[in-house]
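# Secondary and tertiary structure notes
One-letter residues, chain by chain:
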Amino acid sequence: MKFPELLAPVGTSEHLEAALLYGADAVYLGAEGLNLRASRGFGREQIQMACSLAHERGVRVYLCLNVLPGPSQMARMHPALEEAAELGVDGLIVADAGCVRLARRICPHVPIHLSTQANIRNADSVLFWRDQGVSRVNLARELSLLEIRSIVRSCADVECELFVHGALCLAISGQCLLSAWCNERPANLGRCTQPCRFAYRNVRLAVEEELRPRSIIWEAAAEGSGFSTFWAPDDLCLLRYVGWFARQGIAALKIEGRMRTGAYVAHTVDVYRTALSLLKKSLDAGSRGADFSVCVRELVRSSARALSSGFFLPRRGVMSTVESPPQILARVEQRVGDAWRISVRGYWNSTRQAVALLPGLNRPELQQGYSFENHRGERCGEVHPGVSALLFGEGLPLRPGVYVRST
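Residues numbered from 1 in each chain as written. Predicted model: local features only at pLDDT ≥ 70, side-chain atom pairs only at ≥ 80, totals over all residues. Heavy atoms only, no water.

On to the sheet that holds strand β17 (residues 328-336). Pairing within the open sheet is antiparallel, and its seven strands lie in the order β20-β25-β17-β18-β24-β21-β22. Strands at the two margins of the open sheet, each flanked by one partner only, are β20 (354-357) and β22 (379-380). In the sheet, strand β21 (residues 371-373) pairs with β22 via two bridges, with the strands oriented antiparallel. Opposite Phe372, over in β22, you have Cys380 as the bridge partner. Strand contacts of helix α1 (residues 13-22): β17, β20 and β25 (403-406), with the helix running at about 90° to β25, the strand carrying the most contacts. (Pairing = 2+ DSSP bridges. Helix = DSSP H or I, 4+ residues; strand = E, 2+ residues; numbered from the N terminus. Contact = heavy atoms within 4.5 Å. Axes fitted to C-alpha atoms, helices over the stretch in contact; angles between N-to-C directions.)

Here it is in structure tokens:
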């Protein structure tokens with residue numbers, strides 16, 4: 001059995017460091033101005049640095065050039081492709097047919113991966129893009145388990161990857177007009193403001209079909225003067241089905257989240273890496289599956305949004321999240337003498353119970369008795385978000401790049 005690649009989102013250098021530390025096999029990042037996360041694009045030097053760091057650790061780098069470009073963006077695509085080939089990326093993620101054509105001409109040696117924006121929903125589409133030189137396709141998030149299996153079995157000579165975790169879009173494969181209509185920022189040029197996740201007030205909406213009177217098929221409401229995120233779908237979570245994906249020959253399990261925090265990247269990569277490791281150990285021991293319950297618990301208790309199986313199952317399964325998930329307190333930056341330099345992300349009092357997020361779902365507690373030193377060199381018992389501080393304590397189970405959270 002060929003194990004799927006764990007593919008992590010990178011929107012910043014911190015994301016990259018987290019993905020590498022916590023066990024990603026590959027990362028995807030966007031070219032400046034030409035990817036679906038316009039504010040999280042990488043310039044030439046950043047891409048070069050990312051490739052260097054990743055390749056040192058045997059991790060692959062895929063570059064997103066997946067806008068659906070108009071003429072002005074298309075004029076910039078030619079030099080971007082030339083640059084990508086020079087920098088040594090391991091693959092290009094594109095969505096537009098013109099971009100595929102251009103990539104084959106400019107850098108034919110670089111593998112082409114088809115973005116979720118292309119909305120691949122059947123085997124004939126996969127085979128069409130194979131004939132155009134595409135080596136991997138991202139199957140649409142709107143597909144069911146049975147549809148995915150059918151496509152993969154019909155397209156054995158093409159790699160298929162899937163989003164298994166992260167935000168679901170209000171529209172099919174991200175092709176939404178809300179942001180462009182409301183805020184003049186087109187989603188398909190990488191500028192989505194995510195108005196579907198805004199909270200709206202005075203919502204009173206019940207949808208009833210004309211031919212089925214008194215049958216409410218969809219309803220949303222915000223009580224009194226409160227707000228409701230009534231458009232926002234749940235987040236996707238297919239952690240429980242990692243073994244099934246491996247058996248089907250899925251090439252990569254992809255995590256969404258280039259607009260989220262470094263702690264999110266660290267946490268989700270750590271959970272899915274651990275699940276894949278558990279699966280491998282189980283198969284090596286002669287068992288067909290593995291128990292992912294510890295991974296599921298870790299993911300659910302730390303998620304700020306409801307998690308669901310999306311369209312994967314006939315009936316959508318929803319995982320309940322805790323009302324008050326643990327808070328990320330800090331990121332460990334480096335060792336400084338007998339202390340640790342930390343960047344503080346949440347209010348942290350030295351009496352507060354905290355754990356380190358070490359790779360492999362290792363969550364050791366920080367023993368009481370630690371203290372801080374602020375920017376003025378003063379010892380103190382608390383620190384606040386947005387500052388850098390020193391953390392002192394005996395035997396703290398820390399290392400550069402890990403995160404600390406509340407219990």
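Following the sequence through the fold, Ile342 ends up in strand β18 (residues 339-344). In the structure, Ile342 is positioned 12 residues away from Ala330 in sequence and 6.2 Å away in space, judged by C-alpha atoms. Residues within four places of Ile342 in sequence aside, it is in contact with Ala330, Arg331, Val332, Glu333, Trp348, Phe372, Val387, Ser388, Ala389 and Leu391.

The biggest cluster of nonpolar side chains holds 119 residues, and the ones touching the most others in it are Leu65, Leu92, Leu139, Leu239, Trp348, Leu391 and Leu398. Broken down by element, this core gets its largest block of residues, 10 residues, from helix α9 (residues 262-284). Ignoring anything within four residues of it in the chain, the contact list for Leu65 reads Ala31, Leu34, Met77, Ala80, Leu81, Leu92, Ile93 and Val94. (Core = buried A, V, L, I, M, F, W, Y, C linked by side-chain atoms within 4.5 Å. Buried < 20%, exposed > 50% of the residue type's maximum accessible area, 1.4 Å probe, protein only.)

A few words now on the packing of aromatic side chains. The geometry of an aromatic ring pair is captured by two quantities: the separation of the ring centres and the angle between the planes. Applying the stated criterion across every chain yields a total of eight aromatic pairs. Pairing Phe245 with Phe312 gives two aromatic rings, centres 5.4 Å apart and planes at 50°, and the pair type is tilted. Residue Phe245 is located in helix α8 (residues 242-248), and its partner Phe312 is located in the loop between β15 (307-308) and β16 (318-319); the two are separated by 67 residues in the primary sequence. The same class applies to Phe245 and to Phe312, which are both buried. Considering the side-chain rings of Tyr370 and Phe372, the 6.0 Å spacing of their centres and the 70° angle between planes classify their relative orientation as edge-to-face. Judged by its relative accessible area of 3%, Tyr370 is buried. The buried category is assigned to Phe372, whose relative accessible area is 0%. Stacked on the ring of Phe163, the Lys or Arg Arg141 has its end atom at 4.0 Å from the ring centre. The lysine or arginine in question, Arg260, covers the ring of Tyr264, its NZ or CZ lying 4.5 Å from the ring centre. (Phe/Tyr/Trp six-rings, centres within 6.5 Å; stacked < 30°, edge-to-face > 60°. Lys NZ or Arg CZ within 6 Å of the ring centre and 35° of its normal.)

Another aspect to go through is the pattern of salt bridges. Under the definition given, this model contains 25 salt bridges. The residue Glu161 makes a salt bridge to Arg136 at a minimum N-O spacing of 3.0 Å. Here Arg136 lies in strand β7 (residues 136-138) and Glu161 lies in strand β8 (residues 159-167), a separation of 25 residues in the sequence. Each of the two residues, Glu161 as well as Arg136, counts as buried. One salt bridge in this structure joins Asp284 and Lys280, with 3.2 Å as the shortest N-O distance. Taken together, the residues Asp284 and Lys280, both in helix α9 and four residues apart, mark about one turn of the helix. One connected set of salt bridges, linked through shared partners, spans Glu5, Arg60, Arg136, Glu159, Glu161 and Lys254. (Salt bridge = Lys/Arg side-chain N within 4 Å of Asp/Glu carboxyl O.)

The next subject is helix α4 (residues 97-106). For α4, the full list of buried residues reads Cys99, Val100, Leu102, Ala103 and Ile106. The buried residues of α4 occupy an angular sector of 165° when the element is viewed end-on, so they sit on one face. For α4, the exposed residues set more than 90 degrees away from the buried face come down to Arg101 and Arg105. On its buried face, α4 sits against α3 (71-87), β5 (91-94), β6 (112-114) and α5 (123-131). (Arc of directions from axis to C-beta.)

Its location among the elements puts Leu6 in strand β1 (residues 5-9). Between the C-alpha atom of Leu6 and that of Ala24, which follows or precedes it by 18 residues, the distance is 5.4 Å. For Leu6, the contacting residues outside a window of four places in its chain are Gly23, Ala24, Asp25, Ala26, Leu253, Ile255, Val269, Tyr272, Arg273 and Leu276.

Take the packing of α3 against α4 next. The interhelical angle for the contact between α3 and α4, taken along N-to-C directions, is 35°, at an axis separation of 10 Å. The element α3 and its partner α4 pack so that their crossing is right-handed. Residues Met74, Met77, His78, Leu81 and Glu82 of α3 form the contact with α4, whose own contacting residues are Gly98, Cys99, Leu102, Ala103 and Ile106. A class-by-class count of the residues in the contact of α3 with α4 yields seven nonpolar, two polar and one charged. (Left-handed = near helix turned anticlockwise from the far one by under 90°. Nonpolar A, V, L, I, M, F, W, Y, C, P; charged D, E, K, R; others polar.)

The values reported here are purely geometric and, on their own, carry no functional implication.
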